Amino acid sequence: MRFERLVEVFPPMYAAGHRTGGTIDLGAGRAEFIAAAKAVSPFADRLLVADLKDPSLSKVSTVTSAAILRDEVPTEAVPVIVARDSNRAAFRSLVVTALSLGLRSLMLAWGDRYPPGGPANVYDYDSLAGAIREARTLMSNAGSAGDLLAPVDLR
């Protein structure tokens, strides 16, 4: 058994969005994200680029954010893809996009439900295992030898 030090970082997020009409400083958000990742990078074997479940924020995708870090930080960045948020076609696109951007590893998570009145919960798969099977098939078909990670409750 091999244990790794995984450190979670969050993609650039912006309070201003389509509803508020405020400005979004993309350059500053990217710079802050890279600086935060560089600060924790020496303490991690991999950086998990996680998605914060906050519908009030506009965010850069975890896949794009991991690709940004791949070019800026020596530690491998792994995007977290949440089954809750995508239908099958969108999920497949995220996996193929990550692989085409040269990201070797992916973490898949089921994702907690959004509260009523918020964004829709998709859950187009019966279980996280179904999403994992599909991602593994896509990775194999693309010739990717990377790792597929999933959270496990050790209790």
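Basis of the calculations
- Residues numbered from 1 in each chain as written.
- Predicted model: local features only at pLDDT ≥ 70, side-chain atom pairs only at ≥ 80, totals over all residues.
- Heavy atoms only, no water.
- Helix = DSSP H or I, 4+ residues; strand = E, 2+ residues; numbered from the N terminus.
- Rg over C-alpha atoms; globule rule 2.2 N^0.38 Å.
- Buried < 20%, exposed > 50% of the residue type's maximum accessible area, 1.4 Å probe, protein only.
- Contact = heavy atoms within 4.5 Å.
- Areas by Shrake-Rupley, 256 points an atom, 1.4 Å probe, with all protein chains shown as cover.
- Lys, Arg positive; Asp, Glu negative; His and termini not counted.
- Charge placed at Lys NZ, Arg CZ, Asp CG, Glu CD.
- Expected span 1.5 Å × (residues − 1).
- Arc of directions from axis to C-beta.
- pLDDT = per-residue confidence, 0-100.
- Polar contact = N/O pair within 3.5 Å; in protein donor to acceptor, adjacent residues only side chain to side chain.
- Axes fitted to C-alpha atoms, helices over the stretch in contact; angles between N-to-C directions.
- Parallel < 35°, antiparallel > 145°, perpendicular 65-115°, else oblique.
- Left-handed = near helix turned anticlockwise from the far one by under 90°.
- Nonpolar A, V, L, I, M, F, W, Y, C, P; charged D, E, K, R; others polar.
- Phe/Tyr/Trp six-rings, centres within 6.5 Å; stacked < 30°, edge-to-face > 60°.

Visitor: Provide a residue-level description of the overall build of the protein chain, including the pertinent values.
Guide: When you go through the protein chain residue by residue, the secondary structure sums to 4 helices and 7 strands. When the helices and strands of the protein chain are listed from N to C terminus, the series reads β-β-α-β-β-α-β-α-β-α-β. In terms of C-alpha radius of gyration, the protein chain reaches 16 Å, essentially the compact-globule figure of 15 Å for 155 residues. In terms of overall dimensions, the protein chain has C-alpha extents of about 45 × 40 × 35 Å along its principal axes. The proportion of buried residues among the 155 residues of the protein chain is 38%. In the protein chain, of all internal contacts separated by at least 6 residues, the share reaching a separation of at least 24 is 72%. A total accessible area of about 8,900 Å² is found for the protein chain, and carbon and sulfur atoms account for 55% of it. Put simply, the protein chain has 17 plus and 17 minus side-chain charges, and the middle of one group is 3 Å from the middle of the other.

Visitor: Run through helix α1 (residues 26-40), naming residues and quoting values.
Guide: With 15 residues, α1 extends 22 Å between its outermost C-alpha atoms, agreeing within 8% with the 21 Å of an ideal straight helix rising 1.5 Å per residue. Three or more residues of α1 are buried, namely Gly 29, Phe 33, Ile 34 and Ala 37. Seen from one end, α1 has its buried residues packed into an arc of 130 degrees, which puts them on one side. Of the surrounding elements, those touching the buried residues of α1 are β1 (6-9), β2 (13-14), β3 (46-49) and α2 (62-72).

Visitor: I'd like a rundown of the confidence of the model for the protein chain, residues and numbers included.
Guide: When pLDDT is averaged along the protein chain, the result is 89, and 94% of the positions lie at 70 or above. Per-residue pLDDT, averaged within each element of the protein chain, yields its smallest value for β2 (85) and its largest for β3 (98).

Visitor: Any chance you could break down the side chain of Ser 144 for me, citing the residues and the numbers?
Guide: Inspection of the secondary structure assignment puts Ser 144 in the loop between α4 (128-141) and β7 (148-149). Of note is the side chain of Ser 144, whose polar atom sits 3.3 Å from the backbone nitrogen of Gly 146. Look past the residues within four positions of Ser 144 in its chain and what remains in contact with it is Leu 99, Arg 104 and Met 139.

Visitor: So what about the packing of α1 against α2? Which residues, and what values?
Guide: Following both chains from N to C, one finds α1 and α2 inclined at 60 degrees, their axes separated by 10 Å at the closest point. It follows that α1 is oblique to α2 by the angle criterion. Here α1 and α2 pass one another in a crossing that is right-handed. Seen from α1, the contacting residues are Arg 30, Phe 33, Ile 34, Ala 37 and Lys 38; seen from α2, they are Ser 65, Ile 68, Leu 69 and Glu 72. Partitioning the contact of α1 with α2 into residue classes produces 5 nonpolar, 1 polar and 3 charged.

Visitor: Which residues make up the packing of aromatic side chains, and what are the values?
Guide: Tallied over the entire structure, the rule returns 1 aromatic pair. Seen from their ring centres, Phe 91 and Tyr 125 are 5.1 Å apart, and the 70 degrees between their planes marks the pair as edge-to-face. Placement of the pair is Phe 91 in helix α3 (residues 88-100) and Tyr 125 in the loop between β6 (106-109) and α4, with a sequence separation of 34 residues. You'll find Phe 91 and Tyr 125 in the same group, each marked buried.

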